[in-house]
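Each chain, letter by letter, is given below.
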Amino acid sequence: MAPAEDPLETAETPGGGLLRQPPAVWATAGASVVAFMGIGLVDPILPSIAKGLDATASQVSLLFTSYFLITAVAMLVTGFVSSRIGGRRTLLAGLALVVVFAGLAGTSDTVGRLVGFRAGWGLGNALFVSTSLAVIVGAAAGGSAAAILLYESALGLGMACGPLLGALLGDASWRYPFFGTAALMAIGFVCIAVFLEEQPKPARKTSPLDPIRALGHGGLASAAAAAFCYNYAFFTVLAFTPFVLDMTPYRSGGVFFAWGVLLAVFSVLVAPRLQRRFGSLAVLAGSLVLLAADVLVLGYGNHTTAVVCTVLSGAFIGVNNTVFTELALGVSDAPRPVASAGYNFVRWFAAAAAPYLAPKIEEWSDVHVPFAVAALAAVAGAGIVVVRRSALTREAEELAPEHAAEDGVTAFAK
């Protein structure tokens, strides 16, 4: 099997790469940054929202639950929509929904309305995010490795800047970050409309059941199950930790900005090198175990320790994001958009569950137990990778020559 390709080396090849992309790719990647900013945007202002709307932590955490629950379900129809109206129109529809519902979220006078508007925001984000990766892969110069690297760069930058924007605007009012996101997404809408030409429609139209059928593949199902466990730990950190840190929006935004910077650096620069040296499955299992240890210390340490471990978790999350994305796109023989939809359908349910369950677990026990549960979830994810290693490795090896001949995508297991 061909050795794993380093995306950083690919990015420097004369034929194309990370910095030599057409305007359509940069427009899509720029809008993707803002889309990912929306995930962590509310982090620094969660306590402020709770105070402003006289809501409890568990009620405010539903901002994540409604967002990701709709996102998960919408994954079943994004391919159905894009295969019929085209990638460009799907992106524009998603952006338009985000602009409308993010703006409406800023006008909310009850937590129920805010949660409802976040659900509409989640639908728009699902249409955009699920399609943007396929558009970037299709339009990028330098092959799939450079495209995935660019996508992960957008994810990391968005996750880093989201809390910072939330802190800067949220210090004046918790409503301003929502209005700011609506304005930025409107700019993204204009850029996509101007620079992105209509993408060729797939020869075969996608059914809403295709992502479910794709999960019948053992490798993809195993990757999705492990990602479900991982995302539970990830979003416990993202959605529950701000209440534990109990800091001002500026301080909380600073903590999660540093967290996002580590996430970006490790997803783009560190993860590919670790994969080349140790193999994707070994890196994934090890990173999940380290994330579990970090989350456990975060939950049981003092305030300073919690801050340090929150920031440090970004490194492990960055590695996991990159490896899981590549594994999901390449481990099965399903078309990439279909495989991605099935994989995301499973893992986003964990992103919906963790923000709701963590505050409830605290109410039933104490503030430490939600982090212990998250650590167990991460260990369970590592266990799935280890137990299913033979299936993941065998299926990845069978597909590697085909994918390498097709576009030089990274080999996924050794």
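Anything mentioned here points back to the structure above.
Here the structure is a predicted model, which means the values were calculated and not measured. (Residues numbered from 1 in each chain as written. Predicted model: local features only at pLDDT ≥ 70, side-chain atom pairs only at ≥ 80, totals over all residues. Heavy atoms only, no water.)

**Considerations on a nonpolar patch on the surface**
A cluster of nonpolar residues, L164, L168, Y250, F257, V261, V265 and L269, forms a patch on the protein surface that exposes about 550 Å² of accessible area. Among the elements of the structure, α7 (143–170) and α11 (249–278) are those that each provide at least two residues to the nonpolar patch. In terms of residue count, α11 provides more of the nonpolar patch than any other element does, 5 residues in total. The exposure class assigned to V261 is partly exposed, which follows from its relative accessible area of 34%. (Patch = residues over 30% accessible without salt bridge, like charges linked within 9 Å, V, L, I, M, F, W, Y side chains within 5 Å. Areas by Shrake-Rupley, 256 points an atom, 1.4 Å probe, with all protein chains shown as cover. Salt bridge = Lys/Arg side-chain N within 4 Å of Asp/Glu carboxyl O. Helix = DSSP H or I, 4+ residues; strand = E, 2+ residues; numbered from the N terminus. Buried < 20%, exposed > 50% of the residue type's maximum accessible area, 1.4 Å probe, protein only.)

**Considering the nonpolar core**
Ranked by size, the top nonpolar core spans 125 residues in total, and within it I49, F68, F178, F235, L238 and W259 carry the most contacts. Ranked by residue count, the leading element in this core is helix α10 (residues 218–245), at 16 residues. If we ignore the near neighbours within four places in the chain, the residues touching F235 are I39, F68, F240, W348, A351, A354 and P355. (Core = buried A, V, L, I, M, F, W, Y, C linked by side-chain atoms within 4.5 Å. Contact = heavy atoms within 4.5 Å.)

**Observations concerning helix α2 (residues 23–40)**
Along its 18 residues, α2 runs 27 Å from first to last C-alpha, staying within 8% of the 26 Å computed at 1.5 Å per residue. Burial of α2 is extensive: 15 of the 18 residues sit out of reach of the surface. (Expected span 1.5 Å × (residues − 1).)

**Focus: helix α6 (residues 111–139)**
For an α-helix, 3.6 residues make a turn, and residues three or four places apart therefore share a direction. With 29 residues, α6 extends 41 Å between its outermost C-alpha atoms, agreeing within 8% with the 42 Å of an ideal straight helix rising 1.5 Å per residue. Maximum bend of α6: about 25°, positioned at S132. Of all 29 residues in α6, 21 are buried; the element is thus mostly enclosed. (Bend = angle between axes of the 7 residues up to and from the residue.)

**Some details on empty space enclosed by the protein**
By the definition in use, this model includes 4 cavities of 30 Å³ or more. In this structure, the largest cavity spans a volume of roughly 160 Å³. Lining the largest cavity are 16 residues, and of these L133, Y151, S340, N344 and R347 sit closest to its centre. Of all elements in the fold, only α6, α7, α13 (303–330) and α14 (336–364) reach the threshold of two or more residues within the lining of the largest cavity. A total of 5 residues in the lining of the largest cavity trace back to one element, the largest contributor, which is α14. Classifying every residue of the lining of the largest cavity gives 10 nonpolar, 4 polar and 2 charged. Lining of the second largest cavity is provided by 13 residues; of these, L155, F234, N321, R347 and W348 occupy positions nearest its centre. Among the secondary structure elements, those contributing two or more residues to the lining of the second largest cavity are α2, α7, α10, α13 and α14. Taken together, the residues of the lining of the second largest cavity sort by class into 9 nonpolar, 2 polar and 2 charged. (1 Å grid on protein atoms, 1.4 Å probe; cavity = no way out; pocket = protein on both sides within 12 Å on 5 of 7 lines; lining within 4 Å. Points joined across faces, edges and corners; volume = space filled by probe spheres on them. Nonpolar A, V, L, I, M, F, W, Y, C, P; charged D, E, K, R; others polar.)

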